[in-house]
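This is what each chain is made of:
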Amino acid sequence: MEHPPEESPVLNKAVPVRHPGRWISAVVIIGVLILVLQSLFTNPNFHWDTVGTYILDVNVVQGVGWTLLLTAASMILAIVLAILLAFMRQSDNPVFRWSSWVWVWFFRGTPVYTQLIFWGLVSVLYPKISAGVPLGPELFSVDTNTVITALAAAILGLGLNESAYLAEIFRAGLKSVDKGQMEAAEALGMGKAKIMWRIILPQAMRVIVPPTGNETIGMLKTTSLVLAVPFTLDLTFATNTLANRTYLPVPLLIVAGIWYLVITSVLMVGQHYIEAYYGKGVDNLSPAPVNMEAAKAAAAGMGAPKVSGGGGSA
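To start, this report covers the structure provided alongside it. (Residues numbered from 1 in each chain as written. Predicted model: local features only at pLDDT ≥ 70, side-chain atom pairs only at ≥ 80, totals over all residues. Heavy atoms only, no water.)

## Topic: the pattern of salt bridges
Okay, so step 1: Scanning all chains against the criterion turns up 2 salt bridges.
Okay, so step 2: A salt bridge links glutamate 168 to arginine 171; the shortest N-O distance between them is 2.9 Å. Here the residue glutamate 168 and the residue arginine 171 both occupy positions in helix 8 (residues 150–175), the gap between them amounting to 3 residues, near one helical turn.
Okay, so step 3: Through salt bridges with shared partners, a single network forms among Arg89, Glu168 and Arg171. (Salt bridge = Lys/Arg side-chain N within 4 Å of Asp/Glu carboxyl O. Helix = DSSP H or I, 4+ residues; strand = E, 2+ residues; numbered from the N terminus.)

Structural data, given as structure tokens:
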């Protein structure tokens, strides 16, 4: 009579690691969330009916539009200047390098609120903008307030200040690209300007895009300071005006906060797709595109039989 084989003894029984801290933290967070939601829905001082009344008010919607315009125009100006400043900082010309450094030092070292006030008062220093022959006759002149309006002053103040921060971000991105890329392109006979635009900058964008996205979101909220110019059409000023009219500051602050959150969420989605585009081939979540024809040709070449050099026997 055959006996069944004896089971081998278990020498090491794996026991799942317990994580009581996860459950405790989850309970605490859920409890705090319940308390916050209870406060939001039961506290009458939030005046949610007022929030619903003014969330799509024409003045608020117009303020959103002006805020988006300020953000876009200021960031375009800042990006153009930042690219120029970053290239100057990388230049072999010491005049360019020091000029870029002084620009960054000045605009990054003074508060943006102070700069906005200055641009709002620039007509006090220069009542008119004129051009002519040095120490000679004046050819033409124009009133400064005609050229530098409140909108232009706000864009200049925000854009010039932001260009100093973006210049350092762009410089860090350019330095992240290996020097061998530049040397290889120069060996092919490419000019420095073409190397920068076609070789270096596209690779540097993977490093440049995330902090630039953060700066764009920061710029969106910095537009609330343009009252210093004064510019009085942005979202913050519009909601503050309604709050002073209704004597209900809290619900109008909530209206402004909701709009800022909505715009920020859209910007974050856009930033995600831009990061994925420039991260192809580097980030694990963004694989590089495969050329199917080249892959088939390579597979066919690998599968071809090898032919020996010796003659065959009869």
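## A short note on the packing of aromatic side chains
Okay, so step 1: Applying the stated rule across the entire model yields 9 aromatic pairs.
Okay, so step 2: Ring geometry for tryptophan 98 versus tryptophan 101: centroids 5.8 Å apart, planes at 70 degrees, classification edge-to-face. Taken together, the residues span about one helical turn, with tryptophan 98 and tryptophan 101 both in helix 4 (residues 94–109) at a distance of 3 residues.
Okay, so step 3: Its relative accessible area of 56% is what places tryptophan 98 among the exposed residues.
Okay, so step 4: Their ring planes at 80 degrees and their centres at 5.7 Å tell us that phenylalanine 118 and tryptophan 119 sit as a pair that is edge-to-face.
Okay, so step 5: We classify tryptophan 119 as buried; its relative accessible area is 18%.
Okay, so step 6: Aromatic ring contacts, followed pair by pair, group Trp98, Trp101 and Trp105 into a single cluster. (Phe/Tyr/Trp six-rings, centres within 6.5 Å; stacked < 30°, edge-to-face > 60°. Buried < 20%, exposed > 50% of the residue type's maximum accessible area, 1.4 Å probe, protein only.)

## Structural notes on the nonpolar core
Okay, so step 1: In terms of nonpolar packing, the biggest core is built from 43 residues, with Leu166, Phe170, Leu174 and Ile208 touching the most fellow members.
Okay, so step 2: Secondary-structure elements contributing two or more residues to this core are helix 3 (58–89), helix 4, helix 5 (112–120), helix 8 and helix 10 (192–222).
Okay, so step 3: In terms of residue count, helix 8 provides more of this core than any other element does, 11 residues in total.
Okay, so step 4: Beyond its immediate sequence surroundings of up to four residues, phenylalanine 170 is in contact with Ile79, Ala82, Ile83, Ala86, Ile208 and Thr212.
Okay, so step 5: Phe46, Val60, Ala243 and Val255 belong to the second largest nonpolar core, which has 17 residues in total. (Core = buried A, V, L, I, M, F, W, Y, C linked by side-chain atoms within 4.5 Å. Contact = heavy atoms within 4.5 Å.)

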